[in-house]
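Structural description and commentary
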Amino acid sequence: MEVFNPNPVIFAPAKATSRRSKPRKPESFWDDEEADVEVDENTVEPIDQDEIFDLIRHISDPEHPNSLEELRVVSAPQISVSENRVIVEFTPTVPHCGMSTLIGLSIRVRLMQSLPPRFKVDIFVKPGSHQSEHAVNKQLNDKERVAAALENPALVVTVEKCLEKAESWGA
Amino acid sequence: MDDENSQAKSLRLVQTWMAATSKKDQIVGDIVTAVSSAQFALLDLVKSLGGYLTSEDDELRTKGVGLLSSVLHQGNLTTNRQTVHALTLFYCGKLDDTETIVPALDGLVALSKQPNLSSEDAVAVIRAIFTYVKMKALVQAVRYHVFSIVDTLLTKHRKALQGMGTEFISGYVSLAEGEKDPRNLLVAFAIARVLLIEFDVSHHVENFFNITFCYFPISFRPTPSDPYGITAEDLKSRLRDCLSAHPSFGPLAIPLFLEKLTAGSPVTKRDTLESMTVCLPVYGAEFILEHAKSVWNSLKIEVLQPTDPSTEAIALDTIKSFIRVISSTDAGQAASLRDIIYEECVQKLQEPEKSQAKPSMKLLCTMMTAKSSSSEVIVSKAFPLLFKLVNDPTETANRPSVILLLCRLTDACHDVTILLPFKDELMGVLTAGFESSTCRQQTLALLQVMLAIRGLLTTEEIGYFIRTLTETFLQPSETNDEFNDRIVTFLSMVNETRHLGETALPLLFSALPDRPLERDAAVEHRLIKRVLAALPTLCTSREHFETLYIRLTTKFEIVSFPVSGNDLVDREAVSAYGFALLKALSTSLEAKIAGNHVDTPKYEELLLPRLYNWFIYSATSTDHQFLAVECRVVSLAAEIVSMLSRASNPQRQKAQIDSVYSAFFQGDPHAIAFGFPRIPKDAQFAPFSDSASDAEKNLVPLAAACFYPLYPEVQLPVDEIHPFIKLLLNWGVYYATNEHQAQSAWGVGSSILNKHIDDSPSAILGQLSEFWRTNVLNKDINYERRCASIRAWIWVGKALLRRNHPQASQLSAQLMDLFEETPINQKAALAIGDSLCTDLVITKSNHAVVKMLHVQKYVNTLLPLILSNVNTSKPAQISYLAALSSLVQSVPCAIYIHRASELMPLLICSLELPDVDIRTNSINILFAISGEQAASKILAQHASTLIDSMLNIGLDSLGSSTLLRIAALRYLGLLPSLLSYSALHPHKARVLWKLAKSLDDVKRSVRREGVNTRTKWARCSG
């Protein structure tokens, strides 16, 4: 099999996302570990950028033993969430990467399975990062084409393999 | 015995055998016995067989030869040279005959082992085999005989066979060609190795290549029920011995290896690499050099773009072998080749951010271990390059990766002399690295590696870095927790040097302020927490712990009892800071006690009087009460008391408990308290009196902590036990103003009950039943008090059931009397299980009486009671269900699994109850039994009900708690692994559709569980 990018740049993955929305408590020296476990039943925690990033960061690259996060194919700032819409942008490691559609498809399948159906999910290649950007975007955001791709058993097996790590949250 | 007689006897036996249809082995045995006891000679047997051996009838001939061979086999007879010779000739003749070849080979197997077989006979046997035996016409077992004969003769008559020269070699090659059975191959490979090494095969290399390399790579997989126990590994290692047996294989083998390496599966790759590791040194430097380029190119790929970690590790071994081979010659070609290889790897380091940089470093390090002389070359190429990169201002982003590469390279240099020329520059990297926040962690790793190389760093240099690191650790802005942890680990590792006590510790202690911090000083708070967490790890030695003890206790006194400006301070902050200081002290003490350090008893004497003094002073004074009223600080102090008392002995415990009793029950605080600040002589301290203040009562846990760990033989300071128990139980119900105080009083009561009930059983049991009547059952006292009495009763139950007391189950079962009465029945029901909950009071380490199997006994009494009563009317039924789930969820499932079929319907019933705790308990029980084989059938019966229940609970965000929803979803996610697909299939679509709702739950943790569960259901298929 042709390898599109034999020597990609590896980035250290960030530690678990620290949520910006977390309320700050006054400082003290008490052992407050236990206090953190208690869940406040009333506060609503909306689905945010970090949560969606957590869903897709551990997806494996089809070509390398690394995660999409380590290759900086996906990152939290490239995700935006509004009322009922999610936009995910991803960056292929090289402009001629033939795996881009597969990566996008993996992201789509993961989000299809993990987000409430009220969301419309759009997945785009980062503008200017791929030579056939338009074609890839079209393939990824066309309902019929995605459905057709998922009819192909060999492709489904490949996608499931990419998702294995993500489904165990990188463990 | 005369000739005629013996002849007759042998003839008789032969005829019996020929005619027999069963027990033939026994007759053979008789013949063997006769021959070995010299009743007749082996040749007599041949004579008797005469007619059969030459019979025209094929069947008779086969039988005749067969009998002779069986006798030879079974007999293990030593026969003389002539007999052996005669038999050999006879058998060789029989090989020509298709009817007798099988038994004849059988006989030859036995004969070949005969010590009297001459070399001429051996050669004759081999010739006969080469001439007559057509391997393809024979079955496996017979072919195995042929290989065995050759193998035996090869061992015993090697010289003679060597003398046969080409005849033997080519004869054997055609014999072995096309063999497929693994059992035969194991022998064939062994023979081939001997031939390759011991015989002159220079003209037959290609032939041998054909009969060995055709099996490479071994793809044999034994059937699951293989009776022969031959593994692929056996075959692989035997074959590998052949492949590496002759240097002339090189030209033929290397192309094959390289081809398998590029095209093979990971298993083939590993086999090929392992074979190459063994073969390369045999094939020799000269030959390898010719192919070195292609070998290197194939091998490096396995490291630069590794298939998997294990293949990568094996490839590194092969490369090591490769480098050793090409370093073993002085040829100029070899030297230039090595240079090219080193250069190639070093060049890859130029781009440290790329994925091939790390593997290239691995390659270099491997090559350094392969050949010591290569270390110098590699180091002289790699270090300057890496130093240049580190210092290049345009490469700052890559600096962490470069330092990591430096770290690996340094680690691979085991010899300090190689490193010394680069030491100055390495020191420069360290100094600069610690200053930059992005590379600190990597720099620390480098320092650790350098420290491990003996003689590289001087003591002064180590001291310098310890100071630098401690200062970095004390930077308030340093927020990288992982790095801080590593600094602490590092400092504790260099413990043996004096720098810790002289440099690091004084800096750390002086960072602790004398007053609590402002509430909004987040950064400083983190710093102090960090320091206090580090100190116990660093101060484990006797000397350092003493420093810690003095510094922390003094600091505690300065903070808690300030001389001036007392009223300006935020009082809760003072308590919290005091708490943190005590916590650090208690953590260190805990480690010392766990490590059985000899200096711990000293601190029992030093610390306990001061500790009691601080709190009693605080409780009796007017302006320092905040210490005593803060339960968290008191609890921590109580833990320290318990910890020290547990490590004490009965004599010291006795003295201690008498003083504590005088102080807490007889109004003499000076009996136990001593130190700063001085408690006034006339101070009133009587926590158990009617007029006691809240602050005084709050110190009851400190007294309790001293009671808990008492050895049973320590005499209590009271005359009679039962009035004391009454006092404690009632005090907890009527006088205690918070749960800490009450639990402490009941805990003491429980501990005494557990250890001393046999001192006066009837009086004590009478006291208990009076408590039950006047407090628990008494409807005239208020509801809160009755609930408190039930909590006290849990402690009574615990004390007795841990020691397997006969009354234990009955006293707990009394709680069922309350099941009809709402709302107290809820508390009573949960109390049945709570008696089993673990606690820190009635434990072995506190010298309590804890018997084996007490849990089983308790459950075996109460569970049938509950099960037989559960089908009653409404309020009681709910209580029974609640009692059931609280009881069962607190014990291991082995105890109740045999009643799973009765439990399951009840658990499903309790899933419908509104109470969140009962439902959570029930799901926990379902989790506990999920792994049990015994429960799987029952589970399958209730599958659809369980799925519905879990969906209902998991998706209902109004009537449940977050934890309950998570538990329900998680259990639902477990079901696909517990049930067969046929049980899941009818529900799959519905579950997936419904679970979409859980992805929109208000809580993030529930959504996450929803995602997991949904994935598991989506993945399950038939």
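Residues numbered from 1 in each chain as written. Chains lettered and ligands numbered in written order. Predicted model: local features only at pLDDT ≥ 70, side-chain atom pairs only at ≥ 80, totals over all residues. Heavy atoms only, no water.

**Considerations on the overall build of chain B**
What chain B contains, in helices and strands, is 51 helices and zero strands. Relative to the globule expectation of 31 Å for 1022 residues, the C-alpha radius of gyration of chain B, 43 Å, shows a markedly less compact shape. For chain B, the spread of C-alpha atoms along the three principal axes comes to 125 × 80 × 65 Å. Per-residue burial for chain B yields a buried fraction of 55% across its 1022 residues. In chain B, of all internal contacts separated by at least 6 residues, the share reaching a separation of at least 24 is 73%. Accessible surface, chain B: about 43,700 Å² in total, of which carbon and sulfur atoms supply 53%. (Helix = DSSP H or I, 4+ residues; strand = E, 2+ residues; numbered from the N terminus. Rg over C-alpha atoms; globule rule 2.2 N^0.38 Å. Buried < 20%, exposed > 50% of the residue type's maximum accessible area, 1.4 Å probe, protein only. Contact = heavy atoms within 4.5 Å. Areas by Shrake-Rupley, 256 points an atom, 1.4 Å probe, with all protein chains shown as cover.)

**Things to note about the overall build of chain A**
Helices and strands together make up the secondary structure of chain A, namely six helices and three strands. Mapped from its N terminus to its C terminus, chain A presents α and β elements in the order α-α-β-β-α-β-α-α-α. Buried positions account for 43% of the 171 residues belonging to chain A. Taking the contacts inside chain A whose residues are at least 6 apart along the sequence as the reference set, 69% of them involve residues at least 24 apart.

**A short note on the packing of helix 5 (residues 81-94) of chain B against helix 6 (residues 101-112) of chain B**
The relative placement of two packed helices is expressed as an angle between their axes plus a distance between the axes. Residues and elements named next belong to chain B. One can describe the packing of helix 5 onto helix 6 by two numbers: an axis separation of 9 Å at closest approach and a directional angle of 150°. One finds that helix 5 runs roughly antiparallel with respect to helix 6. Our pair here, helix 5 against helix 6, has a crossing hand that is left-handed. Across the interface between the two elements, Val-84, Leu-87, Thr-88, Tyr-91 and Lys-94 of helix 5 pack against Ile-101, Pro-103, Ala-104, Gly-107, Leu-108 and Leu-111 of helix 6. Partitioned by chemical class, the residues of the contact of helix 5 with helix 6 number eight nonpolar, two polar and one charged. (Axes fitted to C-alpha atoms, helices over the stretch in contact; angles between N-to-C directions. Parallel < 35°, antiparallel > 145°, perpendicular 65-115°, else oblique. Left-handed = near helix turned anticlockwise from the far one by under 90°. Nonpolar A, V, L, I, M, F, W, Y, C, P; charged D, E, K, R; others polar.)

**Quick word on the interface of chain A and chain B**
Listed by partner, the interface residues are 38 residues for chain A and 41 residues for chain B. On the chain A side of the interface with chain B, the three residues burying the most area are Glu-27, Phe-29 and Trp-30 of chain A, jointly 28% of the side's total. Inspection of the chain A/chain B interface yields six salt bridges. Here Glu-167 of chain A and Arg-1019 of chain B are joined by a salt bridge, their closest N and O atoms 2.5 Å apart. Our count for the chain A to chain B interface comes out at 12 residue pairs in polar contact (both at pLDDT 80 or more). Broken down by secondary-structure element, the contributors of at least two residues to the side of chain A that touches chain B are helix 2 (49-56), helix 3 (100-114) and helix 6 (153-167) of chain A. In terms of residue count, helix 3 of chain A provides more of the side of chain A that touches chain B than any other element does, four residues in total. A class-by-class count of the residues in the side of chain A that touches chain B yields 18 nonpolar, five polar and 15 charged. (Buried area = accessible area lost by both parts, 1.4 Å probe. Salt bridge = Lys/Arg side-chain N within 4 Å of Asp/Glu carboxyl O. Polar contact = N/O pair within 3.5 Å; in protein donor to acceptor, adjacent residues only side chain to side chain.)

**Quick word on helix 29 (residues 542-560) of chain B**
Residues and elements named next belong to chain B. The first and last C-alpha atoms of helix 29 sit 27 Å apart over 19 residues, in line with the 27 Å expected at 1.5 Å per residue. For helix 29, every residue scored as buried is listed here: His-544, Phe-545, Leu-548, Tyr-549, Leu-552, Thr-553, Lys-555, Phe-556, Glu-557, Val-559 and Ser-560. On its buried side, helix 29 packs onto helix 27 (499-510), helix 28 (522-538), helix 30 (571-594), helix 31 (600-620) and helix 32 (626-629). (Expected span 1.5 Å × (residues − 1).)

**A look at the pattern of salt bridges**
Residues and elements named next belong to chain B. In this structure the tally under the stated criterion is 47 salt bridges over all chains. Among the ionic pairs, Arg-183 bridges to Asp-181, the shortest N-O distance being 2.9 Å. The exposure class assigned to Arg-183 is partly exposed, which follows from its relative accessible area of 22%. With a relative accessible area of 13%, Asp-181 lands in the buried category. Residue Lys-423 pairs with Glu-461 through a salt bridge whose shortest N-O separation is 3.1 Å.

**Structural notes on the pairing of strand 1 (residues 79-82) of chain A**
Residue and element names in this part refer to chain A. Of the strand pairs in this sheet, strand 1 and strand 2 (residues 85-90) are connected by four bridges, and their pairing is antiparallel. The residue of strand 2 that forms the bridge with Val-81 is Val-86. Linking two consecutive strands that pair antiparallel, namely strand 1 and strand 2, is a turn of two residues. (Pairing = 2+ DSSP bridges.)

**A look at the packing of aromatic side chains**
What the rule picks out here adds up to 32 aromatic pairs over all chains. Ring geometry for Phe-90 of chain B versus Tyr-91 of chain B: centroids 5.4 Å apart, planes at 55°, classification tilted. The structure contains a cluster of three or more aromatic residues connected by ring pairs, namely Tyr-661, Phe-665, Phe-688, Phe-707, Phe-724 and Trp-731 of chain B. Its end group placed over the ring of Trp-169 of chain A, Arg-110 of chain A keeps NZ or CZ at 5.2 Å from the ring centre. The ring of Trp-169 of chain A is capped by Arg-1008 of chain B, whose NZ or CZ atom sits 3.8 Å from the centre of that ring. (Phe/Tyr/Trp six-rings, centres within 6.5 Å; stacked < 30°, edge-to-face > 60°. Lys NZ or Arg CZ within 6 Å of the ring centre and 35° of its normal.)

**Some thoughts on the nonpolar core**
Counting residues in hydrophobic clusters, the biggest one holds 367 residues, and the most contacted among them are Tyr-172, Tyr-283, Phe-322, Met-367, Leu-582 and Phe-615 of chain B. In terms of residues, this core owes the most to one element, helix 40 (residues 783-802) of chain B, which gives 11 residues. Beyond its immediate stretch of four places on either side in the chain, Met-367 of chain B contacts Trp-296, Ile-319, Ile-323, Ile-341, Tyr-342, Cys-345, Ser-374 and Ile-378 of chain B. In this structure, Leu-55, Ile-59, Ile-79 and Val-109 of chain A belong to the second largest nonpolar core, which totals 40 residues. (Core = buried A, V, L, I, M, F, W, Y, C linked by side-chain atoms within 4.5 Å.)

**Concerning the pairing of strand 3 (residues 120-125) of chain A**
On a regular strand, each side chain points to the face opposite its neighbour's, so the side chains alternate between the two faces of the sheet. Residue and element names in this part refer to chain A. Summarising the sheet, strand 2 and strand 3 pair through six bridges and their orientation is parallel. Paired with Ile-87 across the two strands is Asp-122, which belongs to strand 3. For the segment spanning strand 2, helix 3 and strand 3, crossover handedness is right-handed. (Right-handed = clockwise from strand over helix to strand, strands pointing away.)

**Points about the environment of Leu-430 of chain B**
Residues and elements named next belong to chain B. If you trace the backbone, Leu-430 turns up in helix 23 (residues 423-435). Here the alpha-carbon distance between Leu-430 and Leu-710, two residues 280 residues apart in the chain, equals 54 Å. Apart from residues no more than four positions distant in its own chain, Leu-430 is found in contact with Thr-443, Leu-446, Leu-447, Met-450 and Phe-465.

**Points about the packing of helix 28 of chain B against helix 30 of chain B**
All names here are of chain B. Contact geometry for helix 28 and helix 30: axes closest at 8 Å, N-to-C directions at 20°. When the axes of helix 28 and helix 30 are compared, the pair comes out roughly parallel. Classified by chirality, the crossing of helix 30 by helix 28 is right-handed. Taken together, the residues of helix 30 that come into contact with helix 28 (itself represented by Ile-528, Leu-532 and Pro-536) are Tyr-577, Ala-580, Leu-581, Ala-584, Thr-587 and Ser-588. When its residues are assigned to classes, the contact of helix 28 with helix 30 shows seven nonpolar, two polar and no charged.

**A word on the sheet that holds strand 1 of chain A**
All names here are of chain A. The strand order 1-2-3 describes an open sheet built from three strands, whose pairing is mixed. With one partner strand each, in any of the chains shown, strand 1 and strand 3 form the two edges of the open sheet. Across the sheet, the axes of successive neighbouring strands diverge by a mean angle of 10°, strand direction being ignored. Helix 2 contacts strand 1 and strand 2 of the sheet and is inclined by roughly 130° relative to strand 1. Its contacts with the sheet place helix 4 (residues 133-141) against strand 2 and strand 3, and it is angled at close to 160° to strand 3.

**Comments concerning the environment of Ala-313 of chain B**
Residues and elements named next belong to chain B. Position of Ala-313 relative to the elements: it lies in helix 17 (residues 309-327). A residue is classified by how much of its surface remains accessible, and Ala-313, at 42% relative accessible area, is partly exposed. With 11 residues separating them in the primary sequence, Ala-313 and Glu-302 have C-alpha atoms 9.3 Å apart.

**Things to note about the side chain of Arg-1007 of chain B**
By secondary structure assignment, the location of Arg-1007 of chain B is in helix 51 (residues 1004-1019). Only 2.8 Å separates the side chain of Arg-1007 of chain B from the backbone oxygen of Glu-45 of chain A, close enough to count as a polar contact. If we ignore the near neighbours within four places in the chain, the residues touching Arg-1007 of chain B are Glu-45, Pro-46, Ile-47 and Glu-51 of chain A together with Ser-998, Leu-999, Asp-1000, Asp-1001 and Val-1002 of chain B.

**Side note on the confidence of the model for chain A**
For chain A, the average pLDDT comes to 84, and 85% of its residues sit at 70 or higher. Below a pLDDT of 50 lies the segment residues 34-38 of chain A, which in the model reaches one contact outside its immediate sequence neighbourhood of four places, other chains included. (pLDDT = per-residue confidence, 0-100.)

**A closer look at helix 37 (residues 721-735) of chain B**
Residue and element names in this part refer to chain B. Its 15 residues give helix 37 an end-to-end C-alpha distance of 20 Å, which sits within 8% of 21 Å, the value for a rise of 1.5 Å per residue. Of the residues making up helix 37, those classed as buried are Ile-721, His-722, Phe-724, Ile-725, Leu-728, Leu-729, Asn-730, Trp-731, Gly-732 and Val-733. Where helix 37 is buried, its residues meet helix 34 (650-665), helix 35 (694-697), helix 36 (700-707), helix 38 (739-756), helix 39 (761-776) and helix 40.

**Points about unusual backbone geometry**
All names here are of chain B. Residue Pro-677 follows Phe-676 across a cis peptide bond; omega there is -10°. Secondary-structure assignment places Pro-677 in the loop between helix 34 and helix 35. Omega for the bond connecting Thr-822 with Pro-823 falls within 30 degrees of zero, at -5°, which places this linkage in the cis form. By the secondary structure assignment, Pro-823 is in the loop between helix 41 (808-813) and helix 42 (824-834). Of note in this structure, Asn-596 is not a glycine but carries a positive phi near 55°.

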